[in-house]
Amino acid sequence: MIYKIRIILDAEEDIFRDLEIEASNTLEEFHNSITQAFGFGGSEMASFYTCDEDWNQDEEIALFDMSENGSDVRLMNETVLEDVLTEQSPKMIYVYDFLSMWTFFVELADMVEKEDGRSYPNVLFSFGELPDAPPEKKFESKPSMDFDDSFDSYDDLDFDENWN
C-alpha cells in the first residue's frame, strides 16, 4: 500500500507538504523524505511521537538511541510506517532538531494501491515556504490541581534531621 501523508509545520501560517510513501518503509526513510521535502540538511537529531486524536504526545520513536547502556527506546530504522500510522491511529508528531524544535503534525490522508512505474517516496504537493527560524513555542500546560500557596516553611514539618 501507498500512504498519502500531510506533514504540517506547527506555525500560524500554512506550511505543509503532501508525501506519498510505501507503508512498508521505515520511519527513518520517512524522516529522510520529510527533511528533503522541507529542505533540511538532515544532519540533526529527530523523533516521531505517537499521539492520540487530540495530538497529545505518547511514545517516542527516536532516530538514534542516545542512552549510555542501551535502553528500550524504539528506533526509526526498526519501526515500519504501517505499524504506527493506521486508519485507527492516523496522527503522529515529528520533531526535527531538538535545539530549534521544528515541530510538525503528521496525518495519514489516504491509502492507495502502488502505481507501476512510479517511484516512492514522492512529494505530491508543497505549500508555503519554510521560515528562516522555527516558530516560537509556548511550553505551557493546563493546571491539573489546586495547590495551597500558603505554605511558607519546612520548619514545622516533622522531618528527622538526618533523613538522607
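See the structure printed just above.
Residues numbered from 1 in each chain as written. Predicted model: local features only at pLDDT ≥ 70, side-chain atom pairs only at ≥ 80, totals over all residues. Heavy atoms only, no water.

Draft legend 1. Highlighting a nonpolar patch on the surface. A surface patch of nonpolar side chains, about 260 Å² in accessible area, is lined by Leu 124, Phe 125 and Phe 127. With respect to the secondary-structure elements, Leu 124 resides in strand β8 (residues 122–127). (Patch = residues over 30% accessible without salt bridge, like charges linked within 9 Å, V, L, I, M, F, W, Y side chains within 5 Å. Areas by Shrake-Rupley, 256 points an atom, 1.4 Å probe, with all protein chains shown as cover. Salt bridge = Lys/Arg side-chain N within 4 Å of Asp/Glu carboxyl O. Helix = DSSP H or I, 4+ residues; strand = E, 2+ residues; numbered from the N terminus.)

Draft legend 2. Structural context of the nonpolar core. In this structure, Ile 5, Ile 7, Leu 27, Phe 30, Phe 48, Leu 81 and Met 92 are the most contacted members of the largest nonpolar core, which totals 29 residues. Those elements that provide at least two residues to this core are β1 (2–9), β2 (16–22), α1 (27–38), β3 (46–51), α2 (81–84), β6 (91–96) and β7 (102–112). When residues of this core are assigned to their parent elements, the largest contribution, 5 residues, is made by α1. Here Ile 7 is in contact with Ile 15, Phe 16, Arg 17, Leu 19, Phe 30, Ile 34, Phe 38, Phe 104, Phe 105 and Val 106, once residues within four sequence places are set aside. (Core = buried A, V, L, I, M, F, W, Y, C linked by side-chain atoms within 4.5 Å. Buried < 20%, exposed > 50% of the residue type's maximum accessible area, 1.4 Å probe, protein only. Contact = heavy atoms within 4.5 Å.)

Draft legend 3. A look at the sheet that holds strand β4 (residues 57–62). Spatial ordering of the open sheet is given by β5-β4-β3-β6-β7-β1-β2-β8, a layout of 8 strands whose pairing is mixed. Either end of the sheet is taken by a strand with one partner, and the two such strands are β5 (74–75) and β8. Two strands pair when backbone bridges link them, and β3 and β4 are joined in this way by 4 bridges, in the antiparallel orientation. Residue pairing in the sheet places Phe 48 in a bridge with Ile 61 of β4. (Pairing = 2+ DSSP bridges.)

Draft legend 4. Quick peek at the pairing of β3. Within β3, 6 of the 6 residues are buried, which leaves the element mostly enclosed by the surrounding structure. Alternating residues of β3 divide into Ala 46, Phe 48 and Thr 50 and Ser 47, Tyr 49 and Cys 51, and every residue in both groups is buried. In this structure, β3 lies alongside β6, joined through 5 bridges in antiparallel fashion. If you follow Ala 46 over to β6, its bridge partner there is Tyr 96. The loop that links β3 with its antiparallel partner β4 comprises 5 residues; one of these, Trp 55, has a positive phi angle of about 70°.

Draft legend 5. Quick peek at the side chain of His 31. Mapping His 31 onto the fold places it in helix α1. Dropping the residues within four chain positions of it, His 31 is found in contact with Gly 42, Ala 46, Phe 48, Leu 63, Met 76, Tyr 94 and Tyr 96.

Draft legend 6. Quick peek at the pairing of β1. Here 7 bridges tie β1 to β2, and the two strands are oriented antiparallel to one another. Bridged to Lys 4 within β2 is Glu 20. Taking the residues between adjacent antiparallel strands as the criterion, β1 and β2 are bridged by 6 residues. The pairing of β1 with β7 spans 8 bridges and is antiparallel. Paired with Ile 7 across the strands is Val 106, a residue of β7.

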